[in-house]
Amino acid sequence: MDFQKPLTDDQLVEMYLQGSGAAFDELLARYQDKLYTYILYNVHNEDAANDIFQETFVRAITTLQQGRYTSSGRFYAWLVRIARNHIIDRFRTLRGENAISNDECEYDLLNDVTLADQPIETQMVNEQTLIDVRRLMDHLPESQREVVFLRFFQDLSFKEIAETTGVGINTALGRMRYAVLNMRRMAEENNISLFVA
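The model shown is predicted, which means the values in this text are computed figures rather than measured ones.

Novice: How should the packing of helix 7 (residues 158-165) against helix 8 (residues 169-189) be read in this particular structure?
Specialist: Angle between the axes and distance between the axes are the two parameters that describe a pair of packed helices. Orientation of helix 7 relative to helix 8, taken along the N-to-C sense of each, is 105 degrees, at an axis distance of 8 Å. Between helix 7 and helix 8, the angle is such that the two are roughly perpendicular. On the side of helix 7, the interface is formed by Phe158, Lys159, Ile161 and Ala162, while helix 8 contributes Ile169, Ala172, Leu173 and Met176. Looking at the contact of helix 7 with helix 8, its residues break down into 7 nonpolar, no polar and 1 charged.

This is how it looks when you write it as structure tokens:
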């Protein structure tokens, strides 16, 4: 029977530094499954996990050979720290590849409301508001109904509305003002919540 006590990680590291490849093979055998499982759990991709696993051991070997490893009895924790740094680097690289820099654009991407998706609740409220506006505008005088339709349903500017209807811009603005006042009054009378500016 062999009652010999197994070597510690630090003893195996020392043997490896003295030229024993078998000592490093033993370290690898002790921790490869556990370390690979840790990496795969974090990256959820076998190819990436294999790459990071290899990079981790290459870094470990390099650090050991350069004499920068300090024995502390925590060899596996040290390997995990190396692997974790590689995982973080991978995520940073992936994030950077998919990121758009605000510096690359002539306008401010981060504050452009047209590039933002509206929450579903906002879309539903807007759709309902347009339905209510449509019902209320049917009760407006023709000139006011036309301005509301062109503004809210055709998305025309007041300048374009004035040109389209053949009136001055102040007349178009005035018609919209009276249309909004009339629709608010009708909405209040009929208990309709209306979000018209």
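Moving on, there is more to tell.
Novice: Can you help me understand the environment of Tyr36 in this one?
Specialist: Here Tyr36 shows up in helix 2 (residues 21-43). Each C-alpha atom of the pair Tyr36 and Gln54 lies 9.6 Å from the other, and the pair is 18 residues apart in sequence.

Novice: Explanation requested: helix 1 (residues 9-17) in the structure shown.
Specialist: Three- or four-residue spacings in an α-helix give side chains the same orientation, since the helix completes a turn every 3.6 residues. Within helix 1, burial applies to Asp9, Leu12, Val13 and Tyr16. All buried residues of helix 1 project into a common sector of 105 degrees when viewed along the axis, lining one side. One or two steps after helix 1, the chain reaches Gly19, where phi turns positive at roughly 110 degrees.

Novice: What's the story with the pattern of salt bridges in this structure? I'm lost.
Specialist: Side chains carrying opposite charge are able to pair once their charged atoms draw close together. In this structure the tally under the stated criterion is 4 salt bridges. Note that Glu142 is salt-bridged to Arg145, the shortest N-O span being 2.5 Å. With Glu142 and Arg145 both in helix 6 (residues 142-153) and 3 residues apart, this pair spans about one turn of that helix. Here Glu189 and Arg185 are joined by a salt bridge, their closest N and O atoms 3.4 Å apart.

Novice: In this structure, what is going on with the side chain of Asp9? I would like to understand it.
Specialist: Here Asp9 is to be found in helix 1. Ignoring any residue separated from it by four or fewer positions in sequence, one finds Asp9 in contact with Leu27, Arg30, Tyr31, Phe75 and Tyr76.

Procedures and definitions
- Counting restarts for each chain: residues are numbered from 1 in the order of the written sequence.
- At least 70 in pLDDT is required for a residue's local features to be given in this predicted model, at least 80 for side-chain atom pairs to be given and counted, and no such filter applies to totals for whole chains, interfaces and linings, which use all residues.
- Excluding hydrogens and water, the side-chain figures rest on all heavy atoms present in the structure.
- Axes here refer to lines fitted to C-alpha atoms; in helices the fit is confined to the stretch in contact. Angles between the N-to-C directions go from 0 to 180 degrees.
- Per the convention used, a helix needs a DSSP run of H or I reaching at least four residues, while a strand needs a run of E reaching at least two, with both numbered from the N terminus.
- Throughout, the term roughly parallel applies to angles under 35 degrees, roughly antiparallel to angles over 145, roughly perpendicular to angles from 65 to 115, and oblique to all others.
- Any pair of residues with heavy atoms lying within 4.5 Å of one another is described as a contacting pair.
- Ten residues, namely Ala, Val, Leu, Ile, Met, Phe, Trp, Tyr, Cys and Pro, are considered nonpolar, four, namely Asp, Glu, Lys and Arg, are considered charged, and the remaining ones, Gly among them, are considered polar.
- To sort residues, take the accessible area from a 1.4 Å probe on protein chains only and compare it with the maximum for the residue type: under 20% means buried, over 50% means exposed, and anything in between is partly exposed.
- In this context, the arc is that of the directions from the helix axis out to the C-beta atoms.
- Any carboxyl oxygen of Asp or Glu within 4 Å of a side-chain nitrogen of Lys or Arg constitutes a salt bridge here.

Structural measurements only, silent on function.
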